[in-house]
Structures are given as C-alpha cells and as structure tokens.
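Residue strings, one per chain:
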Amino acid sequence: MNSPFPAGDINERSALYLNGWIAIVIGVAVVAYLVHGFVGYIGGGEMSLAPIVHLAGAVLTLILLTRGLVTLEPKQAAVLTFFGKYAGTIRSDGLWFFNPLCARRKLSLRVVNTTTPTLKVNDLAGNPIEVAAIVVWAVEDTARASFAVEYYERFLAQQAESALRQVVGGHPYDSEERGQGLRGNMEGVSGELKRAIGTHVTTAGISVLDARLAHLAYASEIAGVMLRRQQAQAVLAARRTIVEGAVGLVAHAVEALGEQRVAVLNDAQRAQLVINLMTILVSENDAQPVVPMASAVQ
C-alpha cells in the first residue's frame, strides 16, 4: 500500500535495554560499595578527595538508575532518542532499564475509536448529504508515529475526513444499480473507506482496522423533497409488482378458460374479460364488474 506522503527512512527498531530488576540489584550494589567507601574514609579521619568522589559517585549512580528505569503496561511502548537521534523502541511490558542518557516518550499501542464530525458532502449526483464515520485504528510503527508527522492523532483525524469526502463524493445516495449507492451498499463503502484512510495514514505508522459510516442522511434543506421522492419511488415499485402479478394471473385465467373449455370467448369478449379481471386485481377499491360470457359449451 503506497502512501502519498513519503516517510523517508524512519522505521521502528528494537532498542537496547535490560531487565529493570537486574539493573536495580546492580545499581544498589554499586551505591552500597561507594557509600561503604565514603564511610570508611570519614571514619579513618583521612582528608582527601576520595570520600567526595565516593559520595558523588553514589549520588550519580542513583540518578542514572532512576532516570534509566521505565515501567510499561501491556500494549504500551517507549520510544527512545539519544541526543536527538532515534535509538529504538521498547515494546515489552514490565520494568526495564535503558541508556539513562536517552530521552523517552511513551506511546499507546491499544486500539482506538475515532468518530469524525458530521460533514456535509455532495454525493455523485450533487445532492448535499450529511455523513460521519467511525475509524478503528492502532499505532503499528512507533518510530513513524513519533517522527514522521507532528501529531499522529490529529493527522489521522484530518485524513479520515478527507477520505470520507472522497469516498462519499464518488457514490450516489441511492442507486438502482447494485453496489453503487451509499445507502444500499454499506459494506462496500466501508471497505473502500478503510482502504482510502489506510493509504493516507501509513506514513504516520498507523494501521486502520475498520472504518464504517456512523451517520448517513440527506441534508436538512432537501430532506423533505428526497423523502417524497423515495415515497413516490416506493409507490411506483409496488404498483409495478402488482401489475406484473395481475398480468400473470389474468393470462393464466384466460388460458385455463380456453384449455378447459369452460366458455368460448371471441376477441371482444376476451378483451372485456381481461379489462374486468385487471380492474379487480389492480384497483384499490372494491370492484363489481359485469363479465359477459359466451354461450356455454354443451
């Protein structure tokens, strides 16, 4: 998946780190040794720089030990930089010790839901509609999320809005063709939206897990007109179904009358019979037609 925003050569790699408990044991042992030496020099009454060096060493060791420890929860990472240069990422949960001269930044690797604001967008037919989407995402590459963009959460939100406008603008709200309309093809539109957003946020090290329309409606200024249009289309569709069914019933009835020789009809009588049967089947009111019949077959 190629992103329109190049990320350069920034890619996540593992940092050098040590189990924090081992580091604490070593640090405490060093501090104890230095303090013991300091006490020994003070107790012996010797005046020199040695006790000061031991004391300063103990304090410095405590500072470095404290600064180099980091506690990470599950689905949490620490990005390390050494004097401005990327030094790697710690992804494992627990207590860890890293180079105390490195600066650290914690990032969440948990799945996040982001809801776009309700946007007013013109669909493919030019009708203004209101639409919003829910995007499910997570940080996949901590280095890109930290250094490729300024604020990756804001970057994703803006790219999600842009992709939503792009996808919605390429489809009509309603369409008789299968898989074309927004309202009748939610799954297809969601998949297209997911791919569009994912393409744009790859640079930021973000993986889009899902994207779905959360709100879809005509804009208020045309909602009434479009509702009446939908109602008219529904009435026409219902009428079409009724007429098609009635034609089939009438054809079957006329054919059955002829095959079973229940009655012998000329063309005019057959036409009148068809009209009367269609009136009965299609009319919304009760109809009482007079059906003229030819003389019965003896």
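Being a predicted model, the structure only gives us computed values, none of them experimental.

Novice: Just checking my understanding: could you explain the overall build of the chain for this structure?
Specialist: In terms of helices and strands, the chain carries seven helices and 10 strands. Evaluated residue by residue, the chain yields a buried proportion of 35% over its 298 residues. Contacts in the chain between residues far apart in sequence, at least 24 positions, make up 69% of those at least 6 positions apart. A total of about 18,000 Å² of accessible surface is found on the chain, and carbon and sulfur atoms cover 58% of it.

Novice: Where do I start with the sheet that holds strand β2 (residues 69–72) in this structure?
Specialist: Where strands meet in a sheet, backbone hydrogen bonds hold them as pairs that are either parallel or antiparallel. Pairing is antiparallel in the open sheet, where three strands are placed in the order β1-β5-β2. Only two strands of the sheet have a single neighbouring strand rather than two, namely β1 (17–19) and β2. Neighbour to neighbour, the strand axes of the sheet diverge by 40° on average, direction disregarded. Bridge count for β2 against strand β5 (residues 94–98) is four bridges, and the pairing is antiparallel. Counted as the bridge partner of Leu69 is Phe97 from β5. Of the strands in this sheet, β2 and β5 touch helix α2 (residues 50–68), which is tilted by about 125° from β5.

Novice: Sorry, what's going on with the pattern of salt bridges here?
Specialist: Side chains bearing opposite charge may pair, as long as their charged atoms lie close to each other. As enumerated under the stated definition, the model contains four salt bridges in all. A salt bridge links Arg91 to Glu12; the nearest nitrogen and oxygen atoms lie 2.5 Å apart. With Arg91 in the loop between β4 (85–90) and β5 and Glu12 in the segment before β1, this residue pair connects regions lying 79 residues apart in the sequence. For Glu12, a relative accessible area of 26% corresponds to the partly exposed category. A salt bridge links Arg212 to Glu187; the nearest nitrogen and oxygen atoms lie 3.2 Å apart.

Novice: Got a minute to help me understand the packing of aromatic side chains in this structure?
Specialist: Aromatic ring pairs are defined here through the distance separating the ring centres and the angle between the ring planes. What the rule picks out here adds up to four aromatic pairs. Geometrically, the ring pair formed by Tyr17 and Trp96 is edge-to-face, given 5.1 Å between the ring centres and 75° between the ring planes. Here Tyr17, found in strand β1, pairs with Trp96, found in strand β5; they are 79 residues apart in sequence, far enough to count as distant. Taken together, a centroid distance of 6.2 Å and an interplanar angle of 80° make the contact between Trp137 and Tyr152 edge-to-face. Placement of Trp137 in strand β9 (residues 128–139) and of Tyr152 in helix α4 (residues 152–169) is noted, with a sequence separation of 15 residues between them. Note on Tyr152: relative accessible area 6%, which makes it buried.

Novice: Hey, could you run me through the nonpolar core in this one?
Specialist: Soluble, globular proteins show a tendency: their nonpolar side chains are buried together. If you look at the biggest cluster of nonpolar residues, it comprises 38 residues, and the most contacted ones within it are Val131, Tyr152, Leu164, Leu193 and Ile197. For this core, the secondary structure elements donating two or more residues are β3 (76–82), β8 (119–122), β9, α3 (142–147), α4, α5 (186–201) and β10 (206–218). Among residues more than four places away in sequence, those in contact with Val131 are Pro117, Thr118, Leu119, Val121, Leu164, Val168, Leu213, His215 and Leu216. By size, the runner-up hydrophobic cluster in this structure holds nine residues, among which are Ala78, Ile90, Trp96 and Cys102.

Novice: Where do I start with unusual backbone geometry in this structure?
Specialist: Residues apart from glycine generally show negative phi values, whereas peptide bonds are mostly found in trans. Its identity is not glycine, yet Lys75 carries a phi of approximately 60°, on the positive side. Within the secondary structure, Lys75 sits in the loop between β2 and β3. Positive phi, close to 50°, is recorded for Phe83, a residue that is not glycine. Locating Phe83 in the fold gives a position in the loop between β3 and β4. Its relative accessible area of 68% is what places Phe83 among the exposed residues.

Novice: Would you mind going over the sheet that holds strand β6 (residues 103–108) with me for this structure?
Specialist: With antiparallel pairing, the three strands of this open sheet are ordered in space as β4-β3-β6. Where the open sheet ends on each side, the last strands, each with one partner, are β4 and β6. In this sheet, neighbouring strand axes are inclined to one another by 25° on average, regardless of whether the strands run parallel or antiparallel. Bridge count between β3 and β4: five bridges; the pairing is antiparallel. Residue pairing across strands places Leu80 opposite Gly88, the latter belonging to β4.

Novice: Could you clarify how one ought to interpret the environment of Glu187 in this entry?
Specialist: Mapped onto the secondary structure, Glu187 falls in helix α5. When its relative accessible area of 56% is taken as the criterion, Glu187 is described as exposed. Measuring from C-alpha to C-alpha, the distance between Glu187 and Arg212 comes to 8.1 Å, with 25 residues separating the pair along the chain.

Novice: Explanation requested: α2 in the structure shown.
Specialist: For α2, built from 19 residues, the straight-helix expectation of 27 Å at 1.5 Å per residue is met to within 8% by its first-to-last C-alpha distance of 26 Å. If you check which residues of α2 are buried, you get Ala50, Pro51, His54, Gly57, Ala58, Thr61, Leu65 and Gly68. Projected down its long axis, α2 shows its buried positions confined to an angular sector of 135°, all on one face. Of the exposed residues in α2, those oriented more than 90 degrees away from the buried face are Ile52 and Thr66.

Parameters at a glance
Residues numbered from 1 in each chain as written. Predicted model: local features only at pLDDT ≥ 70, side-chain atom pairs only at ≥ 80, totals over all residues. Heavy atoms only, no water. Helix = DSSP H or I, 4+ residues; strand = E, 2+ residues; numbered from the N terminus. Buried < 20%, exposed > 50% of the residue type's maximum accessible area, 1.4 Å probe, protein only. Contact = heavy atoms within 4.5 Å. Areas by Shrake-Rupley, 256 points an atom, 1.4 Å probe, with all protein chains shown as cover. Pairing = 2+ DSSP bridges. Axes fitted to C-alpha atoms, helices over the stretch in contact; angles between N-to-C directions. Salt bridge = Lys/Arg side-chain N within 4 Å of Asp/Glu carboxyl O. Phe/Tyr/Trp six-rings, centres within 6.5 Å; stacked < 30°, edge-to-face > 60°. Core = buried A, V, L, I, M, F, W, Y, C linked by side-chain atoms within 4.5 Å. Expected span 1.5 Å × (residues − 1). Arc of directions from axis to C-beta.

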